[in-house]
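# Secondary and tertiary structure notes
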Amino acid sequence: MKRRPDLVLELEAAAAGRIAGVDEAGRGPLAGPVFAAAVMFLVRPDAELATRIDDSKRLSAVQRAAAYRLLDEAHTAGRVAIGVGAASVAEIGRLNILHATYLAMQRAVTRLAPAPDMVLIDGNRGPAFDCAVRCVIGGDRVSLSIAAASVVAKVLRDRAMHRLAARWPDYGWAANCGYPTAAHRAALAAFGATPHHRPGFAPVDAARRRI
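Conventions adopted
- Residues numbered from 1 in each chain as written.
- Predicted model: local features only at pLDDT ≥ 70, side-chain atom pairs only at ≥ 80, totals over all residues.
- Heavy atoms only, no water.
- Phe/Tyr/Trp six-rings, centres within 6.5 Å; stacked < 30°, edge-to-face > 60°.
- Buried < 20%, exposed > 50% of the residue type's maximum accessible area, 1.4 Å probe, protein only.
- Helix = DSSP H or I, 4+ residues; strand = E, 2+ residues; numbered from the N terminus.
- Polar contact = N/O pair within 3.5 Å; in protein donor to acceptor, adjacent residues only side chain to side chain.

### A look at the packing of aromatic side chains
Using the criterion set out here, one finds two aromatic pairs in the structure. Considering the side-chain rings of Y171 and W173, the 5.4 Å spacing of their centres and the 25 degrees angle between planes classify their relative orientation as stacked. A single burial state applies to Y171 and to W173, both of which are buried. Seen from their ring centres, Y171 and F191 are 6.3 Å apart, and the 70 degrees between their planes marks the pair as edge-to-face. Here Y171, found in the loop between helix 6 (144-167) and helix 7 (173-176), pairs with F191, found in helix 8 (residues 182-191); they are 20 residues apart in sequence, far enough to count as distant. An aromatic cluster is built from Y171, W173 and F191, whose rings are joined through pairwise contacts.

### Observations regarding the side chain of D54
For D54, the position within the fold is in the loop between helix 2 (47-52) and helix 3 (61-76). Polar contacts involving the side chain of D54 include one to the side chain of R58, which spans 2.9 Å.

### Details of unusual backbone geometry
Of note, the amide linkage connecting A113 to P114 takes the cis form, showing an omega dihedral of 5 degrees. Take P114: it is sitting in the loop between helix 5 (97-110) and strand 4 (118-122). One non-glycine residue, N96, lies in positive phi territory at about 90 degrees. Residue position: N96 is located in the loop between helix 4 (89-95) and helix 5. Phi angles above zero are rare outside glycine, and C177 is one such case at about 55 degrees. Structurally, the position occupied by C177 is in the loop between helix 7 and helix 8.

Next up, the structure:
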């Protein structure tokens, strides 16, 4: 039986104060911004919310949407704090995808109210914050707040790519969300790169050279 995310890490760190989980969505795509979210449970989540949340990669689109809806409702009710940040394609090109992801994470945390005293980040390293930081490898599978952040970031980034897909229908972004699927690569070869394709990614640079 697979382990589900819980609040063990958050409770262990509770002496530090308010604990937020941070995760990103969209480091791997060839197009679109990278998103990050920060989630902080201000009160212990009820069973329905806690059981809906998991690493976004282990949830279907329908399951992610249901988890996001409950998180958004809890946010509106003041039980959960949520901050969202993004870094644009231009920033990805200027900074590289790793540092653009860090920028998105920093933006997400600065939009949390109240501010956290510690952030838990999925992965083995992360950016600097104006509070304590703990990196957790595989954090989106063990920490409920990191898993919640992964859901928020994924849902909102997918929505952004669906909006772009309506304006640029040839690339299949409504289905692939900018990831380098065979269909997306074929469209790049056939139609070239759009302003929303990321410079510095090999298939995109190759498509631009062919124009």
